Amino acid sequence: MRARLRRLKAGERQFIWMGRISHVAGDGDCHRCVRLRVWGAGKNSQVLQADLLSKAVLPWGCATDDSYPTPKDVREVIDCALAHGWNPDLVGGAFFLGEDASEFELAGFLLTDRLRDDGAPDPTVRVLQAFRGP
């Protein structure tokens, strides 16, 4: 299946983005995760990559919720990445926005590094903490 590229205009810049749905295993469950990729200066520009972990807690096994980032969510990810040093005008490579941006949280998602690093914090614990609140 071909990935759908979407457009988002922010100021004078047009961003192209896509989300690829997958799942990430935790110690207690598996969770929906959307790998967000954003380009800000054409297909050869440095890509922003953020893995968005759904905060949905469902009563049955593997979380099969329908969470998917909205354009507003993507804009918030872009703003956070720019604040953390992403330069969309660079050519090549990738900028990973991960759990080190710990202050960042969307209404329905957390950032996770678990898709890239098996040693990253357990997503089940993080999802349950977010569900229960402070």
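Structure shown above.
Okay, so let's go over this structure. Please read all numbers here as calculations on a predicted model, not as lab measurements.

## Looking at the nonpolar core
In step 1: One finds Val38, Leu48, Leu52, Val77, Ile78, Trp86 and Leu97 to be the most contacted residues of the largest nonpolar core, which totals 23 residues.
In step 2: Elements supplying a minimum of two residues to this core: strand E1 (6-10), strand E2 (13-25), strand E3 (30-39), strand E4 (47-54), helix H1 (71-83), strand E5 (94-97) and strand E6 (109-112).
In step 3: Broken down by element, the residue count for this core peaks at five residues, all from H1.
In step 4: Beyond its immediate sequence surroundings of up to four residues, Leu48 is in contact with Leu36, Arg37, Val38, Val77, Ile78, Ala81, Trp86, Phe95 and Leu97.
In step 5: Judged by nonpolar contacts, the second largest core, of five residues, contains Cys33, Leu53, Leu110 and Val127.

## Examining the pattern of salt bridges
In step 1: Taken as a whole and judged by the stated rule, the model has seven salt bridges.
In step 2: Glu105 is paired through a salt bridge with Lys55; the nearest N and O atoms lie 2.6 Å apart. Taken together, the positions of Glu105 in the loop between E5 and E6 and Lys55 in the loop between E4 and H1 put the pair 50 residues apart, joining distant regions of the chain.
In step 3: The exposure class assigned to Glu105 is partly exposed, which follows from its relative accessible area of 44%.
In step 4: The exposure class assigned to Lys55 is buried, which follows from its relative accessible area of 15%.
In step 5: A salt bridge links Lys72 to Glu76; the shortest N-O distance between them is 2.9 Å. Here Lys72 pairs with Glu76, and both are found in helix H1, just four residues apart, close to one helical turn.

## Quick word on the pairing of E2
In step 1: Bridge count between E1 and E2: five bridges; the pairing is antiparallel. Bridge pairing links Leu8 to Phe15 in E2.
In step 2: Joining the antiparallel neighbours E1 and E2 is a turn of two residues, in which Gly11 adopts a positive phi near 65 degrees.
In step 3: Taken together, the ten bridges between E2 and E3 define a ladder with antiparallel strand orientation. When the sheet's bridge partners are listed, Ile21 is paired in E3 with Val34.
In step 4: Joining the antiparallel neighbours E2 and E3 is a turn of four residues.

Conventions we followed
Residues numbered from 1 in each chain as written. Predicted model: local features only at pLDDT ≥ 70, side-chain atom pairs only at ≥ 80, totals over all residues. Heavy atoms only, no water. Core = buried A, V, L, I, M, F, W, Y, C linked by side-chain atoms within 4.5 Å. Buried < 20%, exposed > 50% of the residue type's maximum accessible area, 1.4 Å probe, protein only. Helix = DSSP H or I, 4+ residues; strand = E, 2+ residues; numbered from the N terminus. Contact = heavy atoms within 4.5 Å. Salt bridge = Lys/Arg side-chain N within 4 Å of Asp/Glu carboxyl O. Pairing = 2+ DSSP bridges.

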